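# Descriptive analysis of the structure
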Amino acid sequence: MSVVDPSRPAASTSVSPALRCEGLTKAFQGVHAVNGAAFSIPEGQITALIGPNGAGKTTVVNMLSGAMKSDSGRMFIGETETTGWPSHKVARHGLLRTFQLSRELGGLTVLENLLTAAPNQAGDSLVNVLLRPGLIERQERENAERALQLLEVYGLYRHRDTPARELSGGQKKLLEIARAVMGSPRILLLDEPMAGVNPALIDVLGGYIRDLKKDGVTILMVEHNLGVVEQICDHVIVLAEGRTLATGRLADLRQNTEVVKAYLGEVMDASSAD
Amino acid sequence: MTYYVFTLVFFLFDYFILAMGLNIQYGVTGILNFAYIGFVAVGAYVTGVAAMPSNINGEHYILGLGLPFPLNTLLGGIAAMGLSALVALITLRRLRTDYLAIVLISLSLVLYDFCNNYVSLFNGADGLYNVPEPFAQSLGLGANGFIVFFACLTGVVSLILLFVMRRVMRAPLGRTFRAVRDDHVTAAALGKDTFRMQLKAMMIGSFFAGIGGGLLIQFGGSFNPTAWLPGETFVVFAVLIVGGAGNNMGMFVGALLVETLLIHLPAFLPEIPGHPGLIEYFDLALVGIVLMVMLWVRPQGIVPERLRRTPSFGVTPKLDDEAGELDRTTALAGVKVAVAGTEEAR
């Protein structure tokens, strides 16, 4: 089952890119984790970032989201250059991300985790806290209502008042996504959203990700499970040894012997075995 | 007797204020401020020199503004806050946790040596004395009357500050502080400028430290380096840990148990025969033991941080949605069927 519209152009250079990077490099004490990665993410689509372990996928996500500074290269969100921006500035510009290993705000309740993500909160200013309690109260109520709706969608409503550290692994994965969505992202980077998740929940998560696309969110997801990639991603970027090896649709990439040799071959065998 | 009781009452309220300040820094935002007593001292000194006239009995003090009560103490609070902003700008951008703590404890020692030796600032080891007692003359209070009055005044100040602190902690700002404490990487990924947030927490907490220090110097009328040995910071930490980090009421309970009962009460107990002065030295040992026992048995403190539940955000949750959860479970079951179906088709 494929949701890819066959009439859509594949490596869409015609659609303006939502996110673009060129010549990204990052070395950790001599190990070149990322070594000239360059690609662009088409607006409003789901793009998969795949590649063997150690290809530099998470490092790329960390650099794009500002969590890590690149050694060289440039990054753009739409037309705006974001090279060297810190995380919070990137996030305020509409790019939100989730983490490979869930990073919940453990001492906060599930609802508070979502509320923290609400953009443009007047209540983060001390002056407003002291002088404009009415404004803050109104905003909090609106944000809480929206957060509760999201928690319902993501099946966490019952756990709204639970400290996030007490959630199960799968629930934490759901919380990661719900929290990022609460931040009203234009672009969402999902770092292995399906890792360590049971098969039934994988399909549920896949459904959520497709729903986000329908809402107009551009998505880049790091994913190892090619079945998932085939089902929900429009576009694939293959990373190997820190470089962009190929881009295109998964079906086309399967014909690319270089890609198959570097990565797909073994994994395809493995996935067809089960 | 009145004197003893109200001295204890004063220290209860004053340490309640100090603990609230450290709580917003460490308990809520997670900044290990091991220089806390330094900010208390700056508040005390600045309040002192702001309160005193420029010339007492031929002695000159810097500033010497002769300001009346609330103004001089406010100035002390603002001075401590200003210093904390400077310290935060230097340290908080690059350091966290243990490394930050090491730098801050060094700062505390440097500040201490500086004030102790640079006599023309705050009179070195002799410190400040003859600091005016607020309202003592205008109300015609005697020594005991002043103690009672000032202990009550400190209580009123602590209630005002509690009101302010509650508002900060219940606001989105307080939540963001806790987010920074729990995981600063996540907080940044959600659009929070973690440095600015820590700076704010440092400044709010240090303002409280400065006010607490200002009250301290006016209560005793004098202040010198023996009052703020860098180790004093850990007494405030003990108040915080015993009371319950993250909870304002915990700060009151901690101040009552640690500062009032363990630190100050023993000084009023009769001497142990044959060992004059020994009993004074029991206090810190007792604090250490209590701290260890607490961390072992109840690390969250006597009054732990409270969870904020849904209704406190002004929304009424639906009566628990067993039906909704049921839908979810059916949906999951449906998915399972679908998955099984695809596998069969393969």
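Every value quoted in this text rests on a predicted model; they were computed, and no experiment measured them.

On to the overall build of chain B, then. Summing up its helical and strand segments, chain B has 13 helices and 2 strands in all. The dimensions of chain B, computed from C-alpha atoms along their principal axes, are 100 × 45 × 40 Å. Counting all 346 residues of chain B, 46% fall into the buried class. Put simply, 77% of the contacts in chain B that link residues at least 6 apart link residues at least 24 apart.

Of the regular secondary structure elements, chain A holds 10 helices and 10 strands. Over its C-alpha trace chain A gives a radius of gyration of 19 Å, about what one expects of a compact globule, namely 19 Å for 274 residues. The C-alpha extent of chain A, read off along each of the three principal axes, is 65 × 40 × 40 Å. In chain A, buried positions account for 47% of the 274 residues. Considering only intrachain contacts with a sequence separation of at least 6, the fraction spanning at least 24 residues in chain A is 67%.

With that settled, consider the nonpolar core. Core analysis: the largest hydrophobic core is formed by 174 residues, its most contacted members being Leu151 and Ala178 of chain A together with Phe16, Ala19, Val239 and Leu240 of chain B. At 15 residues, the largest contribution of residues to this core is made by helix H1 (residues 2–28) of chain B.

Our next topic: helix H11 (residues 248–268) of chain B. Residues and elements named next belong to chain B. The end-to-end C-alpha distance of H11 is 28 Å, a good match for the 30 Å that 21 residues give at a rise of 1.5 Å each. Where H11 bends most, at threonine 260, the angle is about 35 degrees. Against the buried residues of H11 lie H1, helix H6 (143–170), helix H10 (232–243) and helix H12 (282–297).

Our next topic: the environment of lysine 26 of chain A. Residues and elements named next belong to chain A. Tracing the chain through its elements places lysine 26 in strand S1 (residues 17–28). In this structure, the C-alpha to C-alpha distance between lysine 26 and glutamine 149, residues 123 residues apart in sequence, is 40 Å. If we skip the residues at most four places from it in the chain, lysine 26 touches Ala33, Val34, Thr59, Met63, Met68, Ser70 and Asp71.

When its domains are assigned, chain B resolves into domain 1 (2–308) and domain 2 (318–346). One C-alpha centre belongs to domain 1 of chain B, the other to domain 2 of chain B, and the line joining them spans 56 Å.

Attention shifts here to the packing of H1 of chain B against H10 of chain B. Residue and element names in this part refer to chain B. Running from N to C, H1 and H10 point in directions that differ by 75 degrees, and their axes come no closer than 9 Å. The angle between the axes of H1 and H10 places the two elements in the roughly perpendicular class. Packed against H1, whose contacting residues are Tyr15, Leu18, Ala19, Leu22, Asn23, Tyr26 and Gly27, the element H10 presents Val236, Phe237, Val239, Leu240 and Gly243 at the interface. The residue makeup of the contact of H1 with H10, split by class, is 9 nonpolar, 3 polar and no charged.

In terms of strand pairing, S1 of chain A meets strand S2 (residues 31–42) of chain A through 9 bridges, oriented antiparallel. In the strand pairing of S2 of chain A, leucine 24 of chain A is matched with alanine 37 of chain A.

Each assigned domain of chain A is listed here: domain 1 (17–104 + 184–273) and domain 2 (107–166). The straight-line distance from the C-alpha centre of domain 1 of chain A to that of domain 2 of chain A is 29 Å.

It is worth spelling out the sheet that holds strand S10 (residues 243–248) of chain A at this point. Within a sheet, each strand pairs with its neighbour through backbone hydrogen bonds, oriented either parallel or antiparallel. Residue and element names in this part refer to chain A. The 6 strands lie next to each other as S6-S7-S8-S3-S9-S10, forming an open sheet whose pairing is mixed. Looking at which strands have only one partner, the edges of the open sheet turn out to be strand S6 (95–97) and S10. Across the sheet, the axes of successive neighbouring strands diverge by a mean angle of 20 degrees, strand direction being ignored. Pairing of S6 with strand S7 (residues 187–191) involves 3 bridges; the strand directions are parallel. Paired with leucine 95 across the bridge in S7 is isoleucine 187.

Here we take up the confidence of the model for chain A. All names here are of chain A. Looking at chain A, pLDDT values average 88 and 90% of them are 70 or higher. Across residues 1–13 the pLDDT falls below 50, and counting only partners more than four positions away or on other chains, this stretch makes 16 contacts in the model. Confidence over residues 267–274 falls short of pLDDT 50; this stretch has 4 contacts with residues more than four positions distant or in other chains.

Taken together, the contact pairs 45 residues of chain A with 37 residues of chain B. Looking at the side of chain A that touches chain B, the elements with two or more residues in it are helix H2 (87–92), helix H3 (110–117), helix H4 (126–131), helix H5 (133–153) and helix H7 (199–214) of chain A. With 8 residues, H5 of chain A is the single largest residue contributor to the side of chain A that touches chain B. Across the side of chain A that touches chain B, the residue classes tally to 20 nonpolar, 11 polar and 14 charged.

Residues and elements named next belong to chain A. Spatial strand order, S2-S1-S4-S5: 4 strands in an open sheet with antiparallel pairing. A single partner strand is all that each edge strand has here, and the edge strands are S2 and strand S5 (80–81). Sheet contacts for helix H1 (residues 57–64): S1, S2 and strand S4 (72–77); angle to S1, the most-contacted strand, approximately 115 degrees.

Our focus in this paragraph is H6 of chain B. Residue and element names in this part refer to chain B. Relative to the 40 Å expected for 28 residues at 1.5 Å per residue, H6 spans 40 Å between its end C-alpha atoms, a close match to the ideal helical length. For H6, the complete set of buried residues consists of Phe146, Ile147, Phe150, Ala151, Leu153, Thr154, Val157, Ser158, Leu161, Met165 and Met169. Looking at the buried residues of H6, the elements they touch are H1, helix H7 (172–182), helix H9 (194–220) and H11.

Residue and element names in this part refer to chain B. Their axes nearest at 7 Å, the elements H10 and H11 cross at an angle of 130 degrees. On the basis of the axis angle, H10 is oblique to H11. For H10 against H11, the interelement crossing comes out right-handed. On H11, the residues that touch Val235, Ala238, Val239, Leu240, Val242 and Gly243 of H10 are Gly250, Met251, Val253, Gly254, Ala255, Leu257, Val258, Glu259 and Ile263. Considering only residue class, the contact of H10 with H11 consists of 11 nonpolar, 3 polar and 1 charged.

The rules we used
- Residues numbered from 1 in each chain as written.
- Chains lettered and ligands numbered in written order.
- Predicted model: local features only at pLDDT ≥ 70, side-chain atom pairs only at ≥ 80, totals over all residues.
- Helix = DSSP H or I, 4+ residues; strand = E, 2+ residues; numbered from the N terminus.
- Buried ≥ 20, exposed ≤ 12 C-beta atoms within 10 Å, placed from the backbone.
- Contact = placed C-beta atoms within 7 Å.
- Rg over C-alpha atoms; globule rule 2.2 N^0.38 Å.
- Core = buried A, V, L, I, M, F, W, Y, C linked by C-beta atoms within 7 Å.
- Expected span 1.5 Å × (residues − 1).
- Bend = angle between axes of the 7 residues up to and from the residue.
- Domains from an automatic or database assignment.
- Axes fitted to C-alpha atoms, helices over the stretch in contact; angles between N-to-C directions.
- Parallel < 35°, antiparallel > 145°, perpendicular 65-115°, else oblique.
- Nonpolar A, V, L, I, M, F, W, Y, C, P; charged D, E, K, R; others polar.
- Pairing = 2+ DSSP bridges.
- pLDDT = per-residue confidence, 0-100.
- Left-handed = near helix turned anticlockwise from the far one by under 90°.

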